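One-letter residues, chain by chain:
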Amino acid sequence: MSFSDLFDSGSHSRNISHFASIVRLAAVDGEINDEEKAVLERLARKLDINEEEYKLILKNPENIPFTAPNTKVKRLERLYDLLTLVFADHEMDEQEAFMMKRYGIALGFSSEDSKAIIKRSIAILGGKLSFDDYLYLLEKE
């Protein structure tokens, strides 16, 4: 059975593509650790990826072509999913930051926008917010 036989719907194919990108990013710094594995399992459920697909993607994520979403909100959601994985071990190294920027560009953001979005996201998710920013985010509805 080929990879393409497993993924028949357009939406599911996009989820598979997204998940494969997440797996590639998780493995960029070597082995996938337990915290990253827990996030991957949670994201697989969220993306409706069954156990067989999960195992095939973990084994060789490079076999899955990348498909970018067509709305800004979906692109931001994909970046958020990746950032959640990166921060599973409570830090982001240089290699992960580089991959995040490249993924942002692949999603359709300009190089400058990708860098700015990721920098802001790191500040939010990494706990490096100023009090004013923190207050703004708390009060924003």
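Everything numeric here is computed off the predicted structure, so don't read it as measured data.

Asks: I'd love a proper account of the nonpolar core, names of residues and values included.
Replies: Counting residues in each nonpolar core, the largest one holds 29 residues, and the members touching the most others are F19, L40, I49, I57 and M100. Secondary structure elements with two or more residues in this core: helix 2 (10-26), helix 3 (34-46), helix 4 (51-59), helix 5 (72-86) and helix 6 (94-106). Of the residues forming this core, the biggest block, seven residues, is contributed by helix 2. Aside from chain neighbours lying at most four places away, what touches F19 is L40, L43, A44, L47, I49, Y54 and I57.

Asks: Please give an account of the side chain of R78 that cites residues and values.
Replies: Residue placement: R78 occurs in helix 5. For R78, a relative accessible area of 7% translates into the label buried. For R78, the residues in contact, after removing those within four places along its chain, are R14, N15, H18, T67, P69, Y103 and L107.

Asks: Talk me through the environment of L82; I want residue IDs and the actual numbers.
Replies: Turning to its location among the elements, L82 is positioned in helix 5. On the basis of relative accessible area, L82 is assigned to the buried category, the value being 0%. Along the sequence, L82 and L107 sit 25 residues apart, while their C-alpha atoms lie 12 Å from each other. If near-sequence neighbours (up to four positions away) are discounted, L82 is found in contact with S21, I22, L25, M100 and Y103.

The rules behind these values
- As a convention, each chain's residues are numbered from 1 in the sequence order in which they are written.
- Only residues with pLDDT of at least 70 are given local features in this predicted model, and only at 80 or more are side-chain atom pairs given and counted; all residues enter the totals for whole chains, interfaces and linings.
- Excluding hydrogens and water, the side-chain values take into account all heavy atoms of the structure.
- Note on terminology: a nonpolar core comprises buried Ala, Val, Leu, Ile, Met, Phe, Trp, Tyr and Cys residues joined through side-chain atoms within 4.5 Å.
- Exposure is judged per residue with a 1.4 Å probe applied to protein chains only, and the accessible area is read against the type maximum: over 50% gives exposed, under 20% gives buried, and values in between give partly exposed.
- Counting from the N terminus, the helices are the DSSP runs of H or I reaching at least four residues and the strands are the DSSP runs of E reaching at least two.
- What makes two residues a contact is simply this: any of their non-hydrogen atoms within 4.5 Å.

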